[in-house]
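Architecture at a glance
One letter stands for each residue in the lines below.
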Amino acid sequence: MVRARFCASLLGLGLMLAARSTDARELAFFVENRLGADSNVFRRAEETQVDEIKPKAGMVWEITPRITLRDNRDEHGYEFRYQPTYERFFAVEDGGGGEDFSGVDHVASANYLWRMNPATSVGITGRLDRQRRIREGFLDQGFVADPPIERTDNDYIQALVGSLFLNHALSPQLSIQASYRFDDLDVSRQDSSDSRANTVSGGIFYGLTEYTRAGVRATYRQRATKASVDPDGNPNTGPPNDPTLGLREFRSETDTFDISFSVSQQVTPRLAVDVGFGPSFFNTRDEDSLGNVSYSGDGSFFASAGVMRDWRRGTAEVRYTRSEGGGAGATSAASILDRVTAALYWNPARNWGVRVRGSFIHRVSVASDAFFGRDTRNDFYSAGASVERRLTEEVWVIASFRYSWSRLDGYTPFVPVLGGFLTDFETSSTTETIEGFVALRYAFDPYVF
């Protein structure tokens, strides 16, 4: 769907930029030091009452190298990146040390593009993230980070994304696209949702005029999620007295089918607009560890709209998307995401760069039998800005600020227990984070071979 098209565009853009810098294989390396502060080191909710685990502020130091291997010669192009980050917390509020939760996070990515002939290209992309908290991205890794499924409590979240796509032009006006995408989200906390999805998509597009393009795309996605939930929220109840109140695993399988219609228009050489919409259909199978099974179906709609504007010194984009996503917190259901993002990159002068970005995401679990899992709603706001200054060909100075706020509501109409039901079981939590840093980056001369 839109994600597959975005991955293809991102890969093409990355290889195009690489081509500008070299016509041969290139090995690039930089190292960056960051010093900053974080108002919520553990990403904990404001409602937490126990003193030992309340949200705590602290200072953080990070050092991160990145190595990149790329080649864009002839019909083949590729780019491989690996970036570990050592993170060290200190001066934590209430005298806490950072020894127990300092550590190393990892990001790795790979892109490959094969231009089989002037009309056909095949691409593969992949990315692996293993980290404990949402942090500011590096360079071209995106303006706005995806929101956490739920507060991470400084535990590792591992996300794996891979895609394969094919583009083929049947004529100067008519082209077809096909893609496959694999998503896997693994949350280490026992009461958060893990998610795995396989997506197959195909579309046909036609150039109505030199500047207008229309198309239709069909997408099928199969998503499996699971979560462990304490029905009454009390860890002291459960086996052997009442097994129905113990930690219970919920599993869900959701099949999604979308049909989308899209139109893109190059309004001016520097202004482009695209719109897509269509129906979505969901079929869900829920099961819990007690052997209860239920089936449900639902319908919604897919939508995407964006405006992109570039000028000599910058680029701006505003976009809205509505799509299916993974489980929202401690629920084993898929979810519907409404996302609004805005991003600006501006070069006010030579050797200066300014980034401003913001997002709002509204996530609601797909309707299912509430007997088998929580209905949840998550609102996430994020805003940030950074300023970059290139001092020499090798040295950059960077300052960045980011604010995020999220609210997670959960509701279970009834929970079965021995002798009756627990009714109207509701939870609500908010998480706020303010973080900022200054950084010094040193980029070594690339090795061309």
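Preceding this section is the structure that the text describes.
Our next topic: the overall build of the chain. If you tally the helices and strands in the chain, you get one helix and 19 strands. Out of the 449 residues in the chain, the part that is buried amounts to 45%. Taking all contacts inside the chain whose residues are at least 6 apart in sequence as the whole, residues at least 24 apart take part in 63%. Entry remark: accessible area of the chain is about 21,800 Å², with carbon and sulfur atoms responsible for 60%.

Turning our attention to the side chain of Thr125. On the secondary structure map, Thr125 appears in strand S5 (residues 120-131). Separated by 2.4 Å, the side chains of Thr125 and Ser163 make a polar contact.

Overall, the coordinates contain eight aromatic pairs when judged by the stated rule. Ring geometry for Phe360 against Tyr381: centres 4.8 Å apart, planes inclined by 40 degrees, an arrangement best described as tilted. Taken as a pair, Phe360 in strand S15 (residues 352-365) and Tyr381 in strand S16 (residues 375-390) lie far apart in primary sequence, 21 residues in all. You can call Phe360 partly exposed: its relative accessible area is 26%. Three or more aromatic residues joined by ring pairs form one cluster here, namely Phe29, Tyr442 and Phe444. Above the face of the Phe301 ring, Arg322 is positioned so that its terminal group lies 4.4 Å from the ring centre. For Arg441, the ring lying beneath its charged end belongs to Phe30, and the centroid distance is 5.1 Å.

What follows deals with the pattern of salt bridges. Under the counting rule described, the total for this entry stands at 22 salt bridges. The closest approach of N and O atoms between Glu26 and Arg70, which form a salt bridge, is 2.7 Å. Taken together, the residues span a long stretch of sequence, with Glu26 in strand S1 (residues 26-38) and Arg70 in strand S2 (residues 58-71) at a distance of 44 residues. The pair formed by Glu26 and Arg70 is uniform in burial state, with each residue classed as buried. Salt-bridge contacts for Glu62 lead to Arg34; the nearest nitrogen and oxygen are separated by 3.9 Å. Pair noted here: Glu62 is in strand S2 and Arg34 is in strand S1, with a separation of 28 residues, a long-range link. One network of salt bridges, with partners in common, ties together Glu26, Arg70, Glu79 and Arg81.

All right, on to unusual backbone geometry then. With a phi angle near 50 degrees, Ala91 is a residue other than glycine that sits in the positive phi range. Within the secondary structure, Ala91 sits in the loop between strand S3 (76-90) and strand S4 (103-117).

Turning to the environment of Ile176, a few remarks are in order. Turning to its location among the elements, Ile176 is positioned in strand S7 (residues 174-187). The partly exposed category is assigned to Ile176, whose relative accessible area is 32%. In this structure the C-alpha to C-alpha distance between Ile176 and Ile204, which are 28 residues apart in sequence, comes to 4.4 Å.

Attention now goes to the environment of Ser406. With respect to the element layout, Ser406 can be found in strand S17 (residues 395-417). Taking relative accessible area as the criterion, Ser406 reaches 14% and is therefore assigned buried. For the pair Ser406 and Ile361, spaced 45 residues apart in the sequence, the C-alpha separation amounts to 9.3 Å. Other than its neighbours up to four places away in sequence, Ser406 contacts Asn378, Asp379, Phe380, Ser429, Thr430 and Thr431.

About the cut-offs
Residues numbered from 1 in each chain as written. Predicted model: local features only at pLDDT ≥ 70, side-chain atom pairs only at ≥ 80, totals over all residues. Heavy atoms only, no water. Helix = DSSP H or I, 4+ residues; strand = E, 2+ residues; numbered from the N terminus. Buried < 20%, exposed > 50% of the residue type's maximum accessible area, 1.4 Å probe, protein only. Contact = heavy atoms within 4.5 Å. Areas by Shrake-Rupley, 256 points an atom, 1.4 Å probe, with all protein chains shown as cover. Polar contact = N/O pair within 3.5 Å; in protein donor to acceptor, adjacent residues only side chain to side chain. Phe/Tyr/Trp six-rings, centres within 6.5 Å; stacked < 30°, edge-to-face > 60°. Lys NZ or Arg CZ within 6 Å of the ring centre and 35° of its normal. Salt bridge = Lys/Arg side-chain N within 4 Å of Asp/Glu carboxyl O.

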